[in-house]
Amino acid sequence: MHEIEPFYNWEKHYVAANDRKSPFYGRDYNLNQYEHDIYGYYIHPLWDDIDSETLYVKILFVDYKKKFAVIELFGEWNDTLHNDIMYFKRNVIDHLLSQGINKYILIAENILNFHGSDDEYYAEWFDEIEDGWIAVVGSRDHTEREWKRYRLDYYLNFGGTLHLENWRTLQPQPFFELVQSLIVRRLM
């Protein structure tokens, strides 16, 4: 698990630690010391801690004018035992919402498992984005089945055309425009 790194090819465009509006502004990363772990397995030090025991994130890109954020997720998304959505919502999303962000692209390729609970935080997030949306790119089939089981497909757009295997080949703006066009088609 320590070899799974967050995507960093967009760092020439955006670095959350350098963005004064980011919840991770000013963070220092020690690449020589692995301090965070998931179930005893150390993880790469570039993943950002959100106070969850099992879920880590990396904000890959934010555009405050177009009001969107791309966030990569890593670990086990465990709402049952650890209420990970609460930590994600309170420590990352609420901060971005206060900056006007209402469109979210979550990269879920490295979500290893999902354990659901209630949908309270998802509903709150969904209600707060008004004209926005939440899209999940690259989620695994077993994760999608669990999201559907907990009826999170009401709040999150995932699956089908959002299985974009080549998203890393795109720059941030064209990637956003592609995902937005797929979401608009779904909503029509």
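In case you missed it, the structure is sitting above this.
Think of each chain on its own: its residues are numbered from 1, step by step along the sequence as written. For a predicted model such as this one, the threshold for reporting local features is a pLDDT of at least 70, and the threshold for listing and counting side-chain atom pairs is 80 or more; totals across whole chains, interfaces and linings nevertheless cover every residue. Hydrogen atoms and water are omitted, and side-chain values are computed over all heavy atoms in the structure.

Engineer: Quick question: what am I supposed to make of the environment of Asp79 here?
Structural biologist: Helix and strand definitions here come from DSSP, where helices need a minimum of 4 consecutive H or I residues and strands a minimum of 2 consecutive E residues; each element is numbered from the N-terminal end. Topologically, Asp79 is positioned in the loop between strand E5 (68-78) and helix H1 (84-98). Categorising residues by exposure relies on relative accessible area from a 1.4 Å probe, with only protein chains included: less than 20% of the type maximum marks a residue as buried, more than 50% marks it as exposed, and the intermediate range marks it as partly exposed. Residue Asp79 is classed as buried on the basis of its relative accessible area of 3%. In this structure the C-alpha to C-alpha distance between Asp79 and Leu55, which are 24 residues apart in sequence, comes to 10.0 Å. Contact between two residues is taken to exist if any of their heavy atoms lie within 4.5 Å; hydrogens are not considered. Filtering out sequence-adjacent residues up to four positions away, Asp79 remains in contact with Asp84, Ile85, Phe114, His115, Gly116, Ser117 and Tyr122. Counting of polar contacts relies on pairs of N or O atoms within 3.5 Å, with two restrictions inside protein: one atom must be capable of donating a hydrogen and the other of accepting it, and residues adjacent in sequence are counted only when both atoms are side-chain atoms. Of note is the side chain of Asp79, whose polar atom sits 2.9 Å from the backbone nitrogen of Ile85.

Engineer: Mind showing me how you'd approach the side chain of His82 here?
Structural biologist: Along the polypeptide, His82 turns up in the loop between E5 and H1. Overall, His82 belongs to the buried group, its relative accessible area being 15%. Excluding residues within four positions of it along the chain, His82 makes contact with Tyr39, Glu53, Thr54 and Tyr87.

Engineer: Please explain the nonpolar core as it appears in this structure.
Structural biologist: The nonpolar side chains of a soluble globular protein tend to be buried with one another. Counting residues in each nonpolar core, the largest one holds 55 residues, and the members touching the most others are Ile71, Phe88 and Tyr104. When contributions to this core are tallied by element, the ones reaching two or more residues are strand E4 (55-63), E5, H1, strand E6 (103-115), helix H2 (120-128), strand E7 (133-137) and helix H4 (172-187). At 7 residues, E6 tops the list of elements feeding residues into this core. The term nonpolar core refers to a set of buried residues drawn from Ala, Val, Leu, Ile, Met, Phe, Trp, Tyr and Cys, joined through side-chain atoms within 4.5 Å.

Engineer: Where do I start with the packing of aromatic side chains in this structure?
Structural biologist: For any pair of aromatic rings, the description consists of the separation of the ring centres together with the inter-plane angle of the planes. Ring pairs shown here join Phe, Tyr and Trp side chains whose ring centres sit within 6.5 Å, with only the six-membered ring taken for Trp; geometry is labelled stacked below 30 degrees between planes, edge-to-face above 60, and tilted in between. Inspection of every chain in the model, using the stated rule, returns 23 aromatic pairs. Between Trp77 and Trp147 the ring centres are 5.9 Å apart and the planes differ by 75°, which places this aromatic pair in the edge-to-face class. In this pair, Trp77 is assigned in strand E5 and Trp147 in helix H3 (residues 141-149), connecting sequence segments 70 residues apart. Pairing Phe126 with Tyr154 gives two aromatic rings, centres 5.5 Å apart and planes at 50°, and the pair type is tilted. Taken together, the residues Phe126 in helix H2 and Tyr154 in the loop between H3 and H4 connect sequence positions 28 residues apart. Taken together, the ring pairs in this structure connect Phe7, Trp10, Tyr14, Phe61, Phe68, Trp133, Trp167, Phe175 and Phe176 into an aromatic cluster.

Engineer: Sorry if this is basic, but what is going on with the layout of surface pockets here?
Structural biologist: To find leftover empty space, a probe the size of one water molecule is rolled over the atoms. Residues are said to line a cavity or pocket when one of their atoms sits within 4 Å of a point; the points come from a 1 Å grid over protein atoms alone, cavities being sets where a 1.4 Å probe fits but cannot get out and pockets being open sets with protein on both sides within 12 Å along at least five of seven lines. Grid points are joined across faces, edges and corners, and a volume is the space filled by probe spheres set on the points. Put simply, the largest pocket is a space of about 180 Å³. Lining the largest pocket are 13 residues, and of these Asp153, Tyr154, Leu156, Asn157 and Leu187 sit closest to its centre. Going through the elements one at a time, E7 and H4 are the ones with two or more residues in the lining of the largest pocket. In terms of residues, the lining of the largest pocket owes the most to one element, H4, which gives 3 residues. Looking at the lining of the largest pocket, its residues break down into 9 nonpolar, 2 polar and 2 charged. Lining the second largest pocket are Arg27, Asp28, Tyr29, Asn30, Gln33, Glu35, His36, Pro45, Trp47, Asp48 and Asp49. Gly is put with the polar residues, along with every residue not named as nonpolar or charged; the nonpolar set is Ala, Val, Leu, Ile, Met, Phe, Trp, Tyr, Cys and Pro, and the charged set is Asp, Glu, Lys and Arg. Its residues placed into classes, the lining of the second largest pocket shows 3 nonpolar, 3 polar and 5 charged.

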